[in-house]
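Breakdown of the fold
Chain by chain, the residues:
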Amino acid sequence: MSDFKTTIGLEIHCQLKTKSKMFCSCDNNAENAEPNSLVCPVCLAMPGTLPVANRSAIEMTIMTGLALGCDIPSESKFDRKHYFYPDLPKGYQISQYDKPFCKGGEVEVSYIRTANETNSEQRIETRKIRLNRIHLEEDAGKLTHPAGKDYSLVDLNRAGTPLMEIVTEPDITSPAEARQFMEELQLALKYLKVSDADMEKGHVRCDANISIQKDGKSSPIIEIKNLNSFKFVEQALAFEEKRLTADFENWPEKMGKITRGFDSNKGITFEQRRKEEAADYRYFPEPDIPPISFSETEINDLRLKIKELPKQKQKKFIEAGIRVDVAEKLVRQPHLAEYLETSTQLKHDLAVFISEEVTRAIAEHQILFEEYQTKVPVTKIADLLNLVAEGIISKTVAKEIFYEMIVTGEVPADIIKKKGLEQVSDTGELESVINQIVKENPDLVEKYRSGKIQVVGFFVGKIMQSTSGKANPQVLNKLLKEKLDGHSA
Amino acid sequence: MENLYKLTIQEASTKLKAGEITSSKILESIIERIEKVEPEINSYITKTFEIARAQAKESDKRYVDGKPLSDLDGIPVALKDVFCTKGVKTTAASKILEDFIPAYDATVVEKLENAGAIMLGKVNTDEFTMGSSTENSAFGPTHNPWDTSRVPGGSSGGSAAAVAADECLFALGTDTGGSIRQPASFCSATGLKVTYGLVSRNGVVSYASSFDTIGPIAKSAADVAIILNIIAGNDPLDSTTVKEKLPDYTSFLGKDIKGKKIGIPKEFYGQGLSAEVDKILKDAIKKLESLGAEVEEMSLPSTDFAIAMYYIIAKSEASSNLARYDGIRYGYSNLKKDKTKIKDLIDLYFKNRTEAFGNEAKRSIMMGTYTLSSGYFDAYYKKASQVRSLIKREYEDAFKKYDVLITPVSPFPAFKIGEKLEDPLSMYLADVNTVPINPAGVPAMSVPAGFTSTGLPVGMQIIGPHLGEGKIIEIADAFQRATEHHLKKPEIK
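Model, not experiment: these values are computed from the prediction.

Structural notes on the overall build of chain B
Across its full length, chain B holds 15 helices and eleven strands. Here chain B has a C-alpha radius of gyration of 21 Å; the compact-globule value for 493 residues is 23 Å, and the two agree. A principal-axis box enclosing the C-alpha atoms of chain B has dimensions of 70 × 55 × 45 Å. Residues counted as buried form 64% of the 493 residues belonging to chain B.

Set out below in structure tokens:
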């Protein structure tokens, strides 16, 4: 297996979240819209209509290119790509052929590595996946084929949605890396705010090309079309990698590209068409839209519009003392990272609390993050963690207060007062509880004395329970040990 | 007051402002004229007289209030049937759009309506404007008012014939390779092909997008200037429209043309030019000289390549522009017939397009699909694009020296109906003098220059520099003030 080499390249289509469509003024947000309610003469390709390019979509594409290190040619143009299908009203798609808005570029895929078994220090390793180009085009409509009917339905709400196509070089070496690339890219798109980049909603779709090499021989190139989740990208490629490897003996001498689809239910790919049947798209320059040029100044203005990118944020977090894996986790959830940043100081414990507790709490309370954030601004979390650090409350109580804050929006101090949740560090009060519990469980005391010291956990649990978790753990441990050991002495 | 249909815009506008006549009166006169001559001419595909009457009434009120919207207020116009008109059938003279009713108005239609013009209806053209005779129409050919056995030229033959036969005061046409100028020449009208992008194409059914222009066909250069003031200018809905500030085109009327430099490109006067046309052109040029213009022979060597270059690009773009007519969303479709006879999607496409496109449209699709195919693109489309740049440069250079260039519009006068229909190549060659102007992108006007011994009109083509419509109008208007060719009317038998 090790002498097989896998080569993967991806083509990613990403819907841009512009206000209006690519070439007309129709609303670009088709979510939950009635079929064919967001259409006009232009996107229906009525006779005489002309496309007018959406400036904001072009700017988003160039910003993406700048963020990914692409060259931005001073002149670019649109072309027509022809094919007949009912989801394509004009009989051609306006796309870009030989002069895309962005050329080259790269995406860094990173891996967290632990130094070795004895040294748990973490560092980030990166690999660069080169991009070939990024171009802009329009999406097609949607066809549905009602079961048992002799017709199909066409919905053109999506026809004309701006679609940015990102094409990689064949630099990806494994299905897992392909998935990682997709994740990095999605994150960058979210940070650039050019797309919601939700794969489940079809904002991002991926065509994956894979071939296997061995002993100077190459398998045919397989293109797997329309993968719409990270998992499917990896699954489909892994299936194909395995299939091609097993089929090594039967690799043909000469073979063009083969298109396969992916059945996500069965987790397998299936053949769709071979190259010889492939269409001739008859590209030529779109005569209705003059070539588009950008001056150096305009490009620089767009560069200034780019806020922080994931890598920069991660670096900032790590430099502030946040552990690498926590920083990584937060950066991957832009809303949480931004939430953390609303704090006056980037602290590790705060970062940990946000990355672990906030997501869980939101899921449990079934509320929107926006709603959560108005109830619990990050300063309240910082206050809460300070109270823990000062020993006024335990971590367990802190969690209870946190949940209460989500419901009532009160500040921690008020909740503590209201519920009497201050930590019990008073030895007298704790001693009486310990005495009580020890008295009630003579058999366990026996066990402890006979050497089964793990029963301590049971006592701690019981004591915490009867103090509603308010017992100061350090004081409790000390007193309990004295009590148990005292009896044995 | 008799025969109001004969008025020019200039005359009508003066009388309307003076309160001597009303728009409704002009309209009724025109309607009567249309009903009388249409059986001989067949210009109109769709007549919208009821709309026109309502519009004329509104116009009459404005004149009573002393508040006309423009010099075109109350003036009846005929539109080539490729201009989308909201709620009014727009066919492009094709079976595939025989019942098509647009949901929106073309930008120029909107501009004319806002100027108070009166919509008489939609006039004939070659299907999708592809042709030079108006014979390629799903609604039958239009006849030349000067000799009804002859073609009016094309593709704006309906527009030119309607103007010549006084079935409107002016018409709008489109010109992709001569489709305004050649019919204007054949019918003795004054027709202007504008600078590419001067008039919005939004809402006008496309033939070849990078050549298509919209322009007026009228009774005089002065009328052309009035119309141009209304229809020219940038349109946010057409990215190819010009952004420059435009002059008042009527300011070029009534000028002295002494010292104007006129180039005579010799390539347009060679083989194939009829002796009579040559003679008429030479006389016209002499006339201009007598008015003080300086005339000089010059050369545009790339002219010989223009036809080949033009037809490659035009048919490539046309094949693409016709792709939308699939009968799925609108237009002629077997979905409206016996559905059990449709095998599958491909079968539906083939049936719809085979049954509803005419021969020239089909020829365009085949030629254009071929020239854009992978493996042929470089030899045809790309090479043609290079020649196009060459032609463009040649005209730019020429206009560094000359104010305008003058050539015949067509090498011969109007030909017989049916004469060239079965010989597409000779039909293409009818455009030999008009075609080079479209890749050059510059404006050119067809101006009545005289008549043959058998009484057929001959036009001269005045070509101007980029956005030099004013220069052309200046020369044409001076010529028309000194001649009477444009005033002569046909006797319709």
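Notes on the pattern of salt bridges
The full count for this structure, using the stated rule, is 68 salt bridges over all chains. The residue Asp98 of chain A makes a salt bridge to Lys77 of chain A at a minimum N-O spacing of 2.7 Å. Here Lys77 of chain A lies in the loop between β2 (75-76) and β3 (79-82) and Asp98 of chain A lies in the loop between β4 (92-95) and β5 (102-103), a separation of 21 residues in the sequence. Accessibility expressed as a relative area gives 44% for Asp98 of chain A, which makes it partly exposed. What makes Lys77 of chain A buried here is its relative accessible area of 14%. When the shortest N-O distance is used, the salt bridge between Lys401 of chain B and Glu296 of chain B registers 3.2 Å. One end of the pair, Lys401 of chain B, is in helix α12 (residues 378-401); the other, Glu296 of chain B, is in strand β8 (residues 294-298), and 105 residues separate them in sequence. Salt bridges here are not isolated pairs; linked through shared partners, they connect Arg80, Glu286 and Asp288 of chain A together with Arg201 and Asp238 of chain B.

Digging into the layout of surface pockets
Quantified by volume, the second largest pocket comes out at close to 700 Å³. Lining of the second largest pocket is provided by 19 residues; of these, Asp150, Tyr151 and Ser152 of chain A together with Leu335 and Leu348 of chain B occupy positions nearest its centre. Here the residues of the lining of the second largest pocket sort into eleven nonpolar, three polar and five charged.

Digging into the packing of helix α8 (residues 348-365) of chain A against helix α10 (residues 378-389) of chain A
Residue and element names in this part refer to chain A. Across the interface, α8 lies against α10 with an axial gap of 10 Å and an inter-helix angle of 115 degrees. Crossing of α8 over α10 shows right-handed handedness. Listed contacts from α10 to Asp349, Leu350, Phe353 and Ile354 of α8 are Val378, Ile381, Ala382, Leu384 and Leu385. Split by residue class, the contact of α8 with α10 holds eight nonpolar, no polar and one charged.

Quick notes on the sheet that holds β4 of chain A
Residues and elements named next belong to chain A. As summarised here, the arrangement of the three strands in space is β4-β3-β16, forming an open sheet in which the pairing is antiparallel. Unpaired on one side and paired on the other, β4 and β16 (284-285) mark the two borders of the sheet. Note: β3 against β4, four bridges, orientation antiparallel. Paired with Arg80 across the bridge in β4 is Ile94.

What to know about the domain arrangement of chain A
Partitioning chain A into domains gives domain 1 (5-293), domain 2 (308-419) and domain 3 (427-488). Here the C-alpha centroids of domain 1 of chain A and domain 3 of chain A sit 63 Å apart.

Focus on the packing of aromatic side chains
If you walk through the whole model with that rule in mind, you get 31 aromatic pairs over all chains. Pairwise contacts between aromatic rings join Tyr339, Phe353, Phe369, Tyr372, Phe402 and Tyr403 of chain A into one cluster. When the ring centre of Tyr281 of chain A is taken as reference, the NZ or CZ atom of Lys81 of chain A above it lies at 4.3 Å. The residue whose ring lies beneath Lys420 of chain B is Phe415 of chain B, and the NZ or CZ to ring-centre distance is 5.2 Å.

Things to note about the environment of Lys282 of chain B
All names here are of chain B. Tracing the backbone through its elements, the reader meets Lys282 in helix α8 (residues 275-290). Judged by its relative accessible area of 43%, Lys282 is partly exposed. Between the alpha carbons of Lys282 and Thr407 there is a distance of 9.7 Å; along the sequence they are 125 residues apart.

What to know about the packing of α10 of chain A against helix α11 (residues 395-408) of chain A
Residue and element names in this part refer to chain A. The contact between α10 and α11 brings their axes to 10 Å, and the two run at 160 degrees. In this view, α10 runs roughly antiparallel relative to α11, as classed from their interaxial angle. Read as a crossing pair, α10 and α11 show a hand that is right-handed. Here Lys380, Ile381, Leu384 and Val388 of α10 lie close against α11, whose contacting residues are Lys395, Ala398, Ile401, Phe402 and Met405.

Here's the deal with a nonpolar patch on the surface
A cluster of nonpolar side chains, contributed by Ile112, Ile124 and Ile318 of chain A, occupies part of the molecular surface with about 190 Å² of accessible area. With respect to the helices, strands and loops of the structure, Ile124 of chain A is situated in strand β7 (residues 122-138).

Thoughts on the sheet that holds strand β6 (residues 213-218) of chain B
Residues and elements named next belong to chain B. Ordered in space as β1-β3-β2-β4-β6-β5-β10-β11-β9-β7-β8, the eleven strands form an open sheet in which the pairing is mixed. Either end of the sheet is taken by a strand with one partner, and the two such strands are β1 (44-47) and β8. The mean angle between the axes of side-by-side strands here comes to 30 degrees, regardless of whether they run parallel or antiparallel. In the sheet, strand β2 (residues 76-80) pairs with strand β3 (residues 118-123) via five bridges, with the strands oriented parallel. When the bridges of β3 are listed, Leu79 appears paired with Lys122. Across the sheet, helix α3 (residues 49-64) is in contact with β1 and β3; its angle to β3 comes to roughly 155 degrees. Lying on the sheet, α12 is in contact with β7 (261-265), β8, β9 (404-408) and β11 (457-463); it crosses β9 at an angle near 115 degrees.

Here's the deal with the interface of chain B and chain A
The interface is formed by 36 residues belonging to chain B together with 28 residues belonging to chain A. Across the chain B to chain A interface the summed buried area is about 2700 Å²; carbon plus sulfur atoms make up 60%. When the area that chain B buries against chain A is broken down by residue, the three leading residues are Ser239, Arg324 and Arg329 of chain B, summing to 22%. Our count for the chain B to chain A interface comes out at one salt bridge. Where Arg201 of chain B meets Asp288 of chain A, a salt bridge forms, and the shortest distance between an N and an O atom there is 3.0 Å. Taken together, chain B and chain A are joined by 17 residue pairs in polar contact (both at pLDDT 80 or more). Elements with a contribution of two residues or more to the side of chain B that touches chain A: α9 (303-321), α10 (345-356) and α11 (359-372) of chain B. When residues of the side of chain B that touches chain A are assigned to their parent elements, the largest contribution, four residues, is made by α9 of chain B.

Reading the values: rules and limits
Residues numbered from 1 in each chain as written. Chains lettered and ligands numbered in written order. Predicted model: local features only at pLDDT ≥ 70, side-chain atom pairs only at ≥ 80, totals over all residues. Heavy atoms only, no water. Helix = DSSP H or I, 4+ residues; strand = E, 2+ residues; numbered from the N terminus. Rg over C-alpha atoms; globule rule 2.2 N^0.38 Å. Buried < 20%, exposed > 50% of the residue type's maximum accessible area, 1.4 Å probe, protein only. Salt bridge = Lys/Arg side-chain N within 4 Å of Asp/Glu carboxyl O. 1 Å grid on protein atoms, 1.4 Å probe; cavity = no way out; pocket = protein on both sides within 12 Å on 5 of 7 lines; lining within 4 Å. Points joined across faces, edges and corners; volume = space filled by probe spheres on them. Nonpolar A, V, L, I, M, F, W, Y, C, P; charged D, E, K, R; others polar. Axes fitted to C-alpha atoms, helices over the stretch in contact; angles between N-to-C directions. Left-handed = near helix turned anticlockwise from the far one by under 90°. Contact = heavy atoms within 4.5 Å. Pairing = 2+ DSSP bridges. Domains from an automatic or database assignment. Phe/Tyr/Trp six-rings, centres within 6.5 Å; stacked < 30°, edge-to-face > 60°. Lys NZ or Arg CZ within 6 Å of the ring centre and 35° of its normal. Parallel < 35°, antiparallel > 145°, perpendicular 65-115°, else oblique. Patch = residues over 30% accessible without salt bridge, like charges linked within 9 Å, V, L, I, M, F, W, Y side chains within 5 Å. Areas by Shrake-Rupley, 256 points an atom, 1.4 Å probe, with all protein chains shown as cover. Buried area = accessible area lost by both parts, 1.4 Å probe. Polar contact = N/O pair within 3.5 Å; in protein donor to acceptor, adjacent residues only side chain to side chain.

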